[in-house]
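Listed below, chain by chain, are the residues.
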Amino acid sequence: MRVTVDKEVCISCGMCVNTYPEIFKFNSDDKAEAPETELPKNLENAGHDAVDLCPVGAIVAE
Ligand code: SF4
């Protein structure tokens, strides 16, 4: 499973980065990104939670 952030939609609120720093980081444009291309199994639930957490729906899990 992988999670991606639509940088056009992200409002840089910090929710995902603060809640799941093991998955998300801010890039140099202050937009969130998920550097890992494939999440390890133990982070899959966190990845799904992050999708629900984002107030603008910028995070997609696939
Ligand atoms: S929760 Fe959504 S809007 Fe907030 S920083 Fe993360 S991706 Fe961006």
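Residues numbered from 1 in each chain as written. Predicted model: local features only at pLDDT ≥ 70, side-chain atom pairs only at ≥ 80, totals over all residues.

## Some words on the overall build of the chain
Rule in force here: Think of it this way: any DSSP run of H or I at least four residues long counts as a helix, any run of E at least two long counts as a strand, and we number them from the N terminus. We take the radius of gyration over the C-alpha atoms and set the globule estimate at 2.2 Å times the residue count to the 0.38 power. Labels follow a simple rule on C-beta atoms placed from the backbone: if 20 or more others lie within 10 Å of a residue's own, it is buried; if 12 or fewer, it is exposed; otherwise it is partly exposed. Residue pairs are scored as contacts if the distance between their C-beta atoms, which are placed from the backbone, is within 7 Å.
When helices and strands are tallied, the chain shows two helices and four strands. Order of helices (α) and strands (β) in the chain, N terminus to C terminus: β-α-β-β-α-β. Relative to its length of 62 residues, the chain is compact, with a C-alpha radius of gyration of 10 Å against a globular reference of 11 Å. Each principal axis of the C-alpha distribution contributes one length, and for the chain these read about 30 × 20 × 20 Å. The 62 residues of the chain split such that 19% are buried. Once local pairs closer than 6 in sequence are excluded, the contacts in the chain between residues at least 24 apart make up 58%.

## Details of the nonpolar core
Generally speaking, a soluble globular protein has its nonpolar side chains buried in company with each other. Using the following cut-off: When buried Ala, Val, Leu, Ile, Met, Phe, Trp, Tyr and Cys residues are joined through C-beta atoms within 7 Å, the set is termed a nonpolar core.
Among the nonpolar cores identified, the biggest contains 11 residues, and these are Val3, Cys10, Cys16, Ile23, Phe24, Ala32, Ala34, Ala50, Cys54, Ala58 and Ile59. In contact with Phe24, other than residues within four places in its own chain, are Cys16, Val17, Ala32, Glu33 and Ala34.

## Some details on the environment of Thr37
Note that Thr37 resides in the loop between strand 3 (32-33) and helix 2 (44-53). Taking the C-beta count within 10 Å as the criterion, Thr37 has 8 such neighbours and is therefore assigned exposed. For the pair Thr37 and Val3, spaced 34 residues apart in sequence, the C-alpha separation works out to 7.6 Å.

## Quick look at the site of the ligand
Going by this rule: All residues are tested the same way: a C-beta atom is placed from the backbone, and lying within 6 Å of a molecule or strand makes the residue near it. Residue polarity is assigned by list, with Asp, Glu, Lys and Arg as charged and Ala, Val, Leu, Ile, Met, Phe, Trp, Tyr, Cys and Pro as nonpolar; anything else, Gly included, falls into the polar class.
Taken together, 15 residues sit near the ligand, with Cys10, Cys13, Met15, Cys16 and Cys54 positioned nearest. Per-element accounting of the shell around the ligand gives the leading share, three residues, to helix 1 (residues 15-19). The residue inventory of the shell around the ligand, partitioned by class, reads 13 nonpolar, two polar and no charged.

## Considering the environment of Asp52
By secondary structure assignment, the location of Asp52 is in helix 2. For the pair formed by Asp52 and Thr4, sequence separation is 48 residues and the distance between their alpha carbons is 13 Å.

## Remarks on unusual backbone geometry
Trans is the prevailing form of peptide bonds, just as negative phi is the prevailing case for residues other than glycine. With a phi angle near 60°, Ser12 is a residue other than glycine that sits in the positive phi range. Tracing the backbone through its elements, the reader meets Ser12 in the loop between strand 1 (3-5) and helix 1. Non-glycine residue Asp30 carries a positive phi angle of around 60°. Tracing the backbone through its elements, the reader meets Asp30 in the loop between strand 2 (25-26) and strand 3. On the basis of neighbour count, Asp30 is assigned to the exposed category, with 11 C-beta atoms found within 10 Å.

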